[in-house]
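# Structural features, examined
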Amino acid sequence: MIGVRSPVGAFSFVAAAALALSSCSGVQSALAPAGQQAEHLARIFWWMTGGTLAIWLLVIGIALYAAYTPARKDLVGARRLVVWGGVIVPTVVLTLVLCFGLALIPRFVDPAAPSDLSVHVTGEQYWWRVKYPRAGAAPLELANEIRLPVGAEVDFLLDSTDVIHSFWIPSLGGKVDMIPGRQTRLRLSPRRTGTFRGVCAEYCGASHAWMAFSVVVQERAEFERWLERQAAPARTPSEGLAREGRDVFTANGCGACHTLRGTLSSGVVGPDLTHVGGRESLAAGVLPNHEAGFGRWVVETDRLKPGVHMPAFGMLAAHELRALAAYLESLE
Ligand code: CUA
């Protein structure tokens, strides 16, 4: 093992510390909170880190004191130290931490607390089905992207169709398992606008690590406009490559698995593609959202995401693929 005393050791220590600290910020960090629940969790983390550090320093101090002072035969004092330091103090500290943590739980899961918005998210292998319930209409469905108004109290209703996934937006709060056959809930209260990254936090198969989603927290008016645009049917291309691409989509049976609202494509196996061109990323965070990304995804599906249910469409001719990509990209 490299000691911190050598220059190499010191450099490694500083590099590791810098690396560790750099991961404390960014779009997927529980230590850069953008929501009320994440703030609570970050606070617990820092209190526990501070407490742990204090206890560690105390223990090391006592150990050094014992190592460098001449041996004494004060057995009564030693026994008292063991009882206090080894039994009473840890019991009191752990009980306090437990009570503090338990007291926070009702704020995260209280089903009676009024909410401004419900979002229903289903874990699939390996993507996220997102539904916004609407009064007097079918829920608005999209995939791999969630938008929220800043300042709202949002109830997430979570479930799964295949295996256990775990829904986690580190910047906004804690994680909750998505379990087949039952619905779990999570309350999140975004307090800062921005684009954040959510992930699956439970190993669910070969492409567990390729299962991310975008969370865009917007001002209320901007969010309402976005929701209105999402409610519109899929754009009909009037001419050119995109129109050709729509025919490729239909001819290859893509509509058996995917829905394009306002067209005959109404499959529910795969993600709803009505406004796929307007999303932050493709294939649940795997590729950037542009024409080349669509082209790659359609041909290299199983290579980019092992175990995914969608087959690769390697039989498409180059111009068909270009047209299909142009069409999908135009669906904003
Ligand atoms: Cu879904 Cu891991």
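Values in this document were obtained by computation on a predicted structure and should not be read as measured data. (Residues numbered from 1 in each chain as written. Predicted model: local features only at pLDDT ≥ 70, side-chain atom pairs only at ≥ 80, totals over all residues. Heavy atoms only, no water.)

In terms of regular secondary structure, the chain is built from seven helices and twelve strands. Relative to a compact globule of 332 residues, whose C-alpha radius of gyration would be 20 Å, the chain shows 26 Å and is clearly more extended. Summarising its shape, the C-alpha atoms of the chain cover approximately 95 × 50 × 35 Å along the three principal directions. Of the contacts formed within the chain by residues at least 6 apart in sequence, a portion of 62% connects residues at least 24 apart. As displayed, the chain offers around 18500 Å² of accessible surface, 65% of which is attributable to carbon and sulfur atoms. Placing the 30 positive and 28 negative side-chain charges of the chain at their respective mean positions leaves the two points 10 Å apart. (Helix = DSSP H or I, 4+ residues; strand = E, 2+ residues; numbered from the N terminus. Rg over C-alpha atoms; globule rule 2.2 N^0.38 Å. Contact = heavy atoms within 4.5 Å. Areas by Shrake-Rupley, 256 points an atom, 1.4 Å probe, with all protein chains shown as cover. Lys, Arg positive; Asp, Glu negative; His and termini not counted. Charge placed at Lys NZ, Arg CZ, Asp CG, Glu CD.)

In this structure, Val-119, Val-121, Tyr-132, Ile-146, Leu-148, Phe-156 and Phe-167 are the most contacted members of the largest nonpolar core, which totals 32 residues. For Leu-148, the contacting residues outside a window of four places in its chain are Leu-117, Val-119, Val-154, Phe-156, Leu-172, Pro-190, Val-215, Val-216, Val-217, Gln-218 and Phe-223. Within the second largest apolar cluster, 24 residues are counted, among which are Cys-254, Trp-297, Val-308 and Leu-328. (Core = buried A, V, L, I, M, F, W, Y, C linked by side-chain atoms within 4.5 Å. Buried < 20%, exposed > 50% of the residue type's maximum accessible area, 1.4 Å probe, protein only.)

On to the domain arrangement of the chain. Parsing the chain into structural domains produces domain 1 (7–108), domain 2 (117–230) and domain 3 (240–330). Each of domain 1 and domain 2 has a C-alpha centre, and the two are 33 Å apart. Contact residues are listed per partner, giving 16 residues for domain 1 and 17 residues for domain 2. With both chains or domains summed, domain 1 and domain 2 bury close to 1200 Å², and 48% of this area falls on carbon and sulfur atoms. Interface area lost by domain 1 to domain 2 is led by Val-27, Gln-28 and Ala-34, which between them contribute 44%. (Domains from an automatic or database assignment. Buried area = accessible area lost by both parts, 1.4 Å probe.)

Inspection of every chain in the model, using the stated rule, returns nine aromatic pairs. The ring of Trp-168 has Lys-175 sitting right over it, with the charged end atom 4.4 Å from the ring centre. (Phe/Tyr/Trp six-rings, centres within 6.5 Å; stacked < 30°, edge-to-face > 60°. Lys NZ or Arg CZ within 6 Å of the ring centre and 35° of its normal.)

Strand β8 (residues 184–188) sits mainly inside the fold: four of its five residues count as buried. As paired strands, strand β5 (residues 154–160) and β8 are joined by five bridges and run antiparallel to one another. When the bridges of β8 are listed, Val-154 appears paired with Leu-188. (Pairing = 2+ DSSP bridges.)

For the rest of this paragraph, the subject is the environment of Pro-170. Within the secondary structure layout, Pro-170 lies in the loop between β6 (165–168) and β7 (175–178). You can call Pro-170 buried: its relative accessible area is 3%. Residues Pro-170 and Gly-205, 35 residues apart in the sequence, show an inter-C-alpha distance of 21 Å. In this structure, Pro-170 is in contact with Gln-28, Ser-29, Ala-30, Ala-38 and Arg-197, ignoring residues within four places of it in sequence.

Before going further, it helps to spend a moment on a nonpolar patch on the surface. Nonpolar side chains collect at one region of the surface, where Met-48, Ile-55, Val-59, Trp-84, Val-89, Val-93 and Val-97 lie side by side and expose about 580 Å² of accessible area between them. With four residues, the top contributor of residues to the nonpolar patch is helix α3 (residues 75–109). Taking relative accessible area as the criterion, Met-48 reaches 43% and is therefore assigned partly exposed. (Patch = residues over 30% accessible without salt bridge, like charges linked within 9 Å, V, L, I, M, F, W, Y side chains within 5 Å. Salt bridge = Lys/Arg side-chain N within 4 Å of Asp/Glu carboxyl O.)

Moving on, we get to the sheet that holds strand β2 (residues 127–134). Taken in spatial order, the five strands of this open sheet run β3-β2-β1-β5-β8, and their pairing is mixed. Two strands lie at the open edges of the sheet, namely β3 (137–143) and β8, each paired on one side alone. Averaged over neighbouring strand pairs, the angle between their axes works out to 25° when direction is ignored. Helix-sheet contacts for helix α4 (residues 220–231) involve β1 (117–124), β2 and β3, and the interaxial angle to β3 is about 100°. (Axes fitted to C-alpha atoms, helices over the stretch in contact; angles between N-to-C directions.)

Ordered in space as β4-β10-β9-β6-β7, the five strands form an open sheet in which the pairing is mixed. The strands lining the two open edges of the sheet, one partner per strand, are β4 (145–149) and β7. Neighbour to neighbour, the strand axes of the sheet diverge by 25° on average, direction disregarded. Note: β4 against strand β10 (residues 212–218), five bridges, orientation parallel. Pairing of Glu-145 across the sheet is with Ser-214, part of β10. Most of the contacts of α4 go to β4, to which it runs at about 140°, and overall it touches β4 and β10.

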